[in-house]
Amino acid sequence: MRVRFLGASFPAITPLTRPMSNEVLLPLLKRCVSTKPLQQIHTQMLINSLDHVSNFLLSKLIHLKDFTYASLLFSHLPQPNDYAFNIIIRGFTTTWHKYHLTLKSYYQMKSFGLKPDNFTYPFVFIACANLLALDHGRVAHSMVFKNGLNAHGHVSHSLITMYARCRELGYARKVFDEIRERDLVSWNSIIAGYSKMGFAVDAAAMFGKMRDEGFEPNEMTIVSVLGAYGDLGDLSLGRWVEGFVVNSDMKVNSYIGSALIAMYSKCGDLSSARRIFDRMINKDVVTWNAMITGYAQNGVSDEAMLLFNSMKVDGVHPDKITLVGMLSASASIGALDFGKSIDAYASERGFQRDIYVGTALVDMYAKCGSMGDALRVFEGMPQKNEVTWNAMISALAFHGRAQEALLLFKCMSEEHVASCPNDITFVAVLSACVHAGFVDEGHRLFNLMKSYYGLVPKIEHYSCMVDLLARAGRVYEAWDFVEKMPEKPDEVILGALLGACQKLKNVHIGEKVMQLLVEMEPSNSGNYVISSQIYANLRRWDDSARMRVLMRQKGVTKTPGCSWIETDAQVHEFLSGSSFHLYSEKIHDVMELLYDDMKMRGYRPNVNLL
């Protein structure tokens, strides 16, 4: 037997001889652990005309996470009340994370003449936070004031989260300051908001104020403040937090353990990060990701690879965050074979279509020199964001394919592409102009980013322009550009200009640049070496020797070059001039072959070992 319920068909059980009541069915409903018996109870409710208790049924469906059944039931309620709307809004937000449906239901609730309350708005603001729907959030905030709900704690806390996630930290702080009686949740909301949005100094300051007002941190506080201390690179305060965790007998679970590992990794203390990792008994994928990412971000790619293999041996399945970390590690040392194995793993498990994994694959292949694979992944991605476009444009620019980089920039700039060029995009296209010597195009793009896109040029953009002019032999124009910069030139800009002065034997501008660089980077051996070479090229031997003497007087030593070579899926590191590596002879044989191949192709390798 089946029963038709407002056009929908549900399975039924045989009706009992006596009518069923709420007292009988509701206890049965509470004990349901799956949808099938619940459907049978629903049938009895319909047979016995007990549809007025549908709200209890709806709540149970959300508990059982049955989206289809819950949505169908709610859509067929003839007159849902505010309680029913609050139930489905909570389900859309916290159970299924369908935030667009949260907002749709909220507006539908208002259109029905129902009044959202303090049980409605927290979920509305959480939805706005995840959708970055600031305009909807502001309108809802005004309704909160109008209805006198701003004093409710959960409403205020969710408002802080919404404004923080939308990068309106000023409004978030204003909401926090207006809370009359703050509790630990209030403090955690504002600290987490500052920390997650990269305002580490403010997060640390609020943590100090919280302690001054007598509040003791809990797990959420610890995780947020560790993120802030990691971003600040404040190892001493990070260690204090670990001490607090130990002294408070807090359990170092996945969240606290991963936060400690991330903090120590960001501060460069990988031994402490590994100590925390090794002491954790139950390691989930979040814990493994924290340690792998720590190694990758600190350039210890070989350890990241070893840990990745151990992770799989331990039966922990890598997720997309793991794969992004491993692709970053592969890219940093040019481990193409290992990167390809990650690509194959991602394809097998359906991660390749993920926008973050896809972008990391583009970056890895490009940095490993496999531009065909980079383009293949890029063109096959169903979705692309600014980071994806920037990765591909930067790759083409880096590999000297300037025309293709500029063409891709044009495609990105077209109206039908959702991603808009940002300051990183312009670094990429200006770099393309540098490699190709497109001085006029570089000037046009530099002006375009200000006039059309409203972007304020940063030190990186000025660096590209100085480099572009210097490489074109226009060192006086480049120096004039440096002098007119709104910011002080950094060592990158000056280093590029000094290199051009060396090539062009221009001692007039070169001496000005030398003086600034030696003051800025007194321990950088390259500045002294290039300066000495400029003088030597002009046969000013006394000045050349003076730079060498100055270098020795300051105790500056030349840092040896470091390279990696991958053979048989193993990455080997060796230093310039070293002959102690196990594969030294083979490595030098390979380098000789590359040297000969370059000469055959018309290139003149620079083997000057100054």
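An unreviewed UniProt entry lists the chain under the name Pentatricopeptide repeat-containing protein, from Rhododendron simsii.

## A look at the overall build of the chain
Counting its regular elements, the chain contains 33 helices and 4 strands. In the chain, which comprises 610 residues, the proportion classed as buried is 46%. Taking the intrachain contacts of the chain between residues at least 6 apart in sequence as the baseline, contacts between residues at least 24 apart amount to 57%. Here the chain has roughly 32000 Å² of accessible surface; of this, 54% comes from carbon and sulfur atoms.

## Examining the layout of surface pockets
In this structure, the largest pocket encloses a volume near 1600 Å³. Lining the largest pocket are 42 residues; nearest its centre among them are Ala192, Ser195, Lys196, Val223 and Ser224. Elements with a contribution of two residues or more to the lining of the largest pocket: α7 (121–131), α9 (153–165), α11 (184–196), α13 (219–232), α15 (254–266) and α17 (285–297). When grouped by side-chain class, the residues that make up the lining of the largest pocket number 17 nonpolar, 20 polar and 5 charged.

## Things to note about the nonpolar core
Taken as a class, soluble globular proteins show a tendency for nonpolar side chains to be buried jointly. Membership of the largest hydrophobic core comes to 172 residues, with the highest contact counts inside it found for Tyr121, Met162, Met392 and Leu497. Shared between two domains, this core takes at least three residues from each, and those domains are domain 1 (283–383) and domain 2 (384–457). Apart from residues no more than four positions distant in its own chain, Met392 is found in contact with Val362, Met371, Ala374, Leu375, Phe378 and Leu408.

## Looking at a nonpolar patch on the surface
A cluster of nonpolar side chains, contributed by Val590, Met591 and Leu594, occupies part of the molecular surface with about 250 Å² of accessible area. Tracing the chain through its elements places Val590 in helix α33 (residues 584–600). The class for Val590 is partly exposed, based on a relative accessible area of 39%.

## Points about the packing of aromatic side chains
Overall, the coordinates contain 25 aromatic pairs when judged by the stated rule. Residues Phe277 and Trp288 carry aromatic rings whose centres are separated by 5.0 Å and whose planes lie at 80° to one another, so their mutual orientation is edge-to-face. Note that Phe277 is positioned in helix α16 (residues 270–279) and Trp288 in helix α17, a separation of 11 residues in sequence. Judged on exposure class, the residue Phe277 and its partner Trp288 are both buried.

## Section: the environment of Pro116
Among the secondary structure elements, Pro116 is positioned in the loop between α6 (99–111) and α7. For Pro116, a relative accessible area of 6% puts it in the buried group. Taking the C-alpha atoms as reference, Pro116 lies 7.2 Å from Asp82; in sequence the two are 34 residues apart. Among all residues touching Pro116, those that are not within four sequence positions of it are Tyr106, Met109, Lys110, Tyr121, Asn147 and Leu149.

## Notes on the side chain of Glu242
Inspection of the secondary structure assignment puts Glu242 in helix α14 (residues 235–247). Note on Glu242: relative accessible area 14%, which makes it buried. With residues up to four places along the chain from it excluded, the contact list for Glu242 reads Leu260, Tyr264, Arg275 and Ile276.

## Examining the UniProt feature "repeat: PPR" (unreviewed entry) in the chain
Feature annotation in UniProt assigns "repeat: PPR" (unreviewed entry) to the following positions: residues 183–217, 253–283, 284–318 and 385–419. Secondary structure within residues 183–217 divides into 74% helix and 0% strand; the distance between the first and last C-alpha atoms comes to 11 Å. With 74% helix and 0% strand, residues 284–318 has its two end C-alpha atoms placed 10 Å apart.

## Thoughts on unusual backbone geometry
Of note, the phi angle at Leu132 is positive, near 55°, even though the residue is not glycine. Along the chain, Leu132 falls in the loop between α7 and α8 (134–146). The class of Leu132 is exposed, set by a relative accessible area of 53%. Of note in this structure, Arg167 is not a glycine but carries a positive phi near 65°. Taking the relative accessible area as the measure of exposure, Arg167 reaches 52% and is therefore exposed.

## Quick notes on the packing of α15 against α16
Relative to each other, α15 and α16 sit at 165°, their axes nearing to 7 Å. Taken together, the axes of α15 and α16 are roughly antiparallel relative to one another. Two packed elements cross with a definite hand, and for α15 against α16 that hand is left-handed. The segment α15 lies against α16, with Gly257, Leu260, Ile261, Tyr264 and Ser265 engaging Leu270, Ser272, Ala273, Arg275, Ile276 and Phe277. In the contact of α15 with α16, the residues fall into 7 nonpolar, 3 polar and 1 charged.

## Brief notes about the pattern of salt bridges
For the structure shown, the criterion picks out 18 salt bridges. In this structure, Arg274 engages Asp278 in a salt bridge whose closest nitrogen and oxygen atoms are separated by 2.9 Å. One end of the pair, Arg274, and the other, Asp278, are both in helix α16, 4 residues apart, so they sit about a helical turn from each other. In this structure Arg274 comes out as partly exposed when scored by relative accessible area, which is 24%. The salt bridge involving Arg401 is made with Glu404; its shortest N-O contact spans 2.8 Å. When its relative accessible area of 27% is taken as the criterion, Arg401 is described as partly exposed. Given a relative accessible area of 36%, Glu404 falls into the partly exposed group. Within this structure, Asp343, Asp373 and Arg376 form a network of salt bridges that share partners.

## Notes on the state of the cysteines
Evaluation of the coordinates by the stated rule reveals 0 disulfides. Cys433 takes part in no disulfide bond, and the closest cysteine sulfur, belonging to Cys464, lies 9.1 Å away.

## Here's the deal with the packing of helix α27 (residues 459–471) against helix α29 (residues 491–504)
Interhelical geometry of α27 versus α29 gives an angle of 5° and a closest axis separation of 9 Å. Looking at the two axes, α27 sits roughly parallel to α29. Between α27 and α29, the residues in contact are Ile459, Tyr462, Ser463, Val466, Asp467 and Ala470 and Val492, Ile493, Ala496, Leu497, Ala500 and Leu504, respectively. When its residues are assigned to classes, the contact of α27 with α29 shows 10 nonpolar, 1 polar and 1 charged.

## Overview of the side chain of Ser195
Looking at the secondary structure, you find Ser195 in helix α11. For Ser195, a relative accessible area of 9% translates into the label buried. In terms of polar contacts, Ser195 uses its side chain to reach the backbone amide nitrogen of Ala228, at 3.5 Å. With sequence-adjacent residues up to four places away left out, Ser195 is seen in contact with Ala203, Ser224, Gly227, Ala228 and Asp231.

The rules behind each value
- Residues numbered from 1 in each chain as written.
- Predicted model: local features only at pLDDT ≥ 70, side-chain atom pairs only at ≥ 80, totals over all residues.
- Heavy atoms only, no water.
- Helix = DSSP H or I, 4+ residues; strand = E, 2+ residues; numbered from the N terminus.
- Buried < 20%, exposed > 50% of the residue type's maximum accessible area, 1.4 Å probe, protein only.
- Contact = heavy atoms within 4.5 Å.
- Areas by Shrake-Rupley, 256 points an atom, 1.4 Å probe, with all protein chains shown as cover.
- 1 Å grid on protein atoms, 1.4 Å probe; cavity = no way out; pocket = protein on both sides within 12 Å on 5 of 7 lines; lining within 4 Å.
- Points joined across faces, edges and corners; volume = space filled by probe spheres on them.
- Nonpolar A, V, L, I, M, F, W, Y, C, P; charged D, E, K, R; others polar.
- Core = buried A, V, L, I, M, F, W, Y, C linked by side-chain atoms within 4.5 Å.
- Domains from an automatic or database assignment.
- Patch = residues over 30% accessible without salt bridge, like charges linked within 9 Å, V, L, I, M, F, W, Y side chains within 5 Å.
- Salt bridge = Lys/Arg side-chain N within 4 Å of Asp/Glu carboxyl O.
- Phe/Tyr/Trp six-rings, centres within 6.5 Å; stacked < 30°, edge-to-face > 60°.
- UniProt positions renumbered as here; feature names shortened; annotations may be inferred.
- Axes fitted to C-alpha atoms, helices over the stretch in contact; angles between N-to-C directions.
- Parallel < 35°, antiparallel > 145°, perpendicular 65-115°, else oblique.
- Left-handed = near helix turned anticlockwise from the far one by under 90°.
- Disulfide = S-S within 2.5 Å.
- Polar contact = N/O pair within 3.5 Å; in protein donor to acceptor, adjacent residues only side chain to side chain.

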